[in-house]
Amino acid sequence: MGFEKEKIDQLVNKSDIEWYREMIRNSPFARKINQEKENELIDKSMKQAEAFKSLLIEKYGIKDQPMSYMISLDVPLDYVKEEASYGVQYLGYYSLKSKKITINFSAINLILKNIKRFKLDQVNQEKLKDTILMHELFHHLEEMYPESYTKQKHLDTKIFGLFNSKVTLSLVGEIAAVHFSKIMTDLPHSPLLYNEIYKLK
């Protein structure tokens, strides 16, 4: 148990940039992204997150509770309890078809249980649900504003190794969504820390 707590203690102070670099370097496209492109993707993703925050404040004012933006935007919200399937369990997801956000309380409860079990006092548990909501709200905003950076094509590639093409990286949207959830909730550490706590055994 001491090892797990020590690991989380170190990750609490890990910078946002370090987390985002790790996301890129663990992606299937890692070998196609050089240092300059990596810096560009991270910088522009973070700026997109900040732009969406500014847009919400401009349109709806500063809200004490992030949930208030969900109400202002009239985004349907559902709470479920679903256990892991094939070893994978989601915290939340946004449905492109129904435009609805779903939050999985089974996963949330596991994270809260691990925070208590491993005595992770430095981890903010009160903002966990709001952080997940804001992550999924970002994806809703992406659909509202398809001209946003995260919906553009970011990487040159070849189809079947022959034809030049450009692809959109969902990874970019994920980096921006993580950053958006952090700045919308004033979370003192990266939201990605919750993923690491979820995986503790």
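Everything below is about the structure shown above.
Residues numbered from 1 in each chain as written. Predicted model: local features only at pLDDT ≥ 70, side-chain atom pairs only at ≥ 80, totals over all residues. Heavy atoms only, no water.

**Student:** Explanation requested: the nonpolar core in the structure shown.
**Tutor:** As a rule of thumb, soluble globular proteins bury nonpolar side chains together. Counting residues in each nonpolar core, the largest one holds 56 residues, and the members touching the most others are I8, V123, L137, F180 and I197. For this core, the element with the highest residue contribution is helix 7 (residues 170-185), accounting for nine residues. Contacts of I8, omitting those with residues within four sequence positions, involve L120, Q122, V123, L193, E196, I197 and L200. (Core = buried A, V, L, I, M, F, W, Y, C linked by side-chain atoms within 4.5 Å. Buried < 20%, exposed > 50% of the residue type's maximum accessible area, 1.4 Å probe, protein only. Helix = DSSP H or I, 4+ residues; strand = E, 2+ residues; numbered from the N terminus. Contact = heavy atoms within 4.5 Å.)

**Student:** Please clarify how the sheet that holds strand 3 (residues 100-104) should be interpreted in this entry.
**Tutor:** Here three strands make up an open sheet; going across it, the order is 1-3-2 and the pairing mixed. Only two strands of the sheet have a single neighbouring strand rather than two, namely strand 1 (77-80) and strand 2 (92-95). Averaged over all neighbouring strand pairs, the angle between strand axes comes to 20°, with direction disregarded. Bridge count for strand 1 against strand 3 is four bridges, and the pairing is parallel. Note on strand 3: the bridge partner recorded for V80 is N104. Running at roughly 40° to strand 3, helix 5 (residues 105-117) makes contact with strand 1 and strand 3 of the sheet. Of the strands in this sheet, strand 1, strand 2 and strand 3 are in contact with helix 6 (residues 128-144), which crosses strand 2 at around 20°. (Pairing = 2+ DSSP bridges. Axes fitted to C-alpha atoms, helices over the stretch in contact; angles between N-to-C directions.)

**Student:** Whenever I open this one, the packing of aromatic side chains confuses me. Can you help?
**Tutor:** In this description, an aromatic ring pair is defined by two values, namely the gap between the centres and the angle between the planes. Scanning all chains against the criterion turns up five aromatic pairs. Ring geometry for F52 against F138: centres 5.1 Å apart, planes inclined by 55°, an arrangement best described as tilted. Linking F52 in helix 3 (residues 35-60) with F138 in helix 6, this pair joins segments that are 86 residues apart in sequence. Judged by relative accessible area, F52 falls into the buried class, the value being 3%. Here Y79 and F105 contribute two aromatic rings whose centre-to-centre distance is 5.1 Å and whose plane-to-plane angle is 20°, an arrangement assigned as stacked. In this pair, Y79 sits in strand 1 while F105 sits in helix 5, placing the two residues 26 residues apart along the sequence. The partly exposed category is assigned to Y79, whose relative accessible area is 33%. Grouping aromatic residues by their ring pairs yields a cluster made of F52, F138, Y145 and F180. It is K14 that lies over the ring of W19; its NZ or CZ is 4.2 Å from the centre. (Phe/Tyr/Trp six-rings, centres within 6.5 Å; stacked < 30°, edge-to-face > 60°. Lys NZ or Arg CZ within 6 Å of the ring centre and 35° of its normal.)

**Student:** Help me understand the environment of L73 in this model?
**Tutor:** Position of L73 relative to the elements: it lies in helix 4 (residues 67-73). Here L73 falls in the buried class, since its relative accessible area comes to 13%. Put simply, L73 and L56 are 17 residues apart on the chain and 9.4 Å apart in space, counted from C-alpha to C-alpha.

**Student:** Is there a simple way to explain helix 7 in this structure?
**Tutor:** Taking 1.5 Å per residue, 16 residues should reach 22 Å; helix 7 reaches 23 Å between its end C-alpha atoms and fits that length. Within helix 7, 14 of the 16 residues are buried, which leaves it mostly tucked inside the rest of the structure. Note on helix 7: the residue one or two positions beyond its end, D186, has a positive phi of about 55°. (Expected span 1.5 Å × (residues − 1).)

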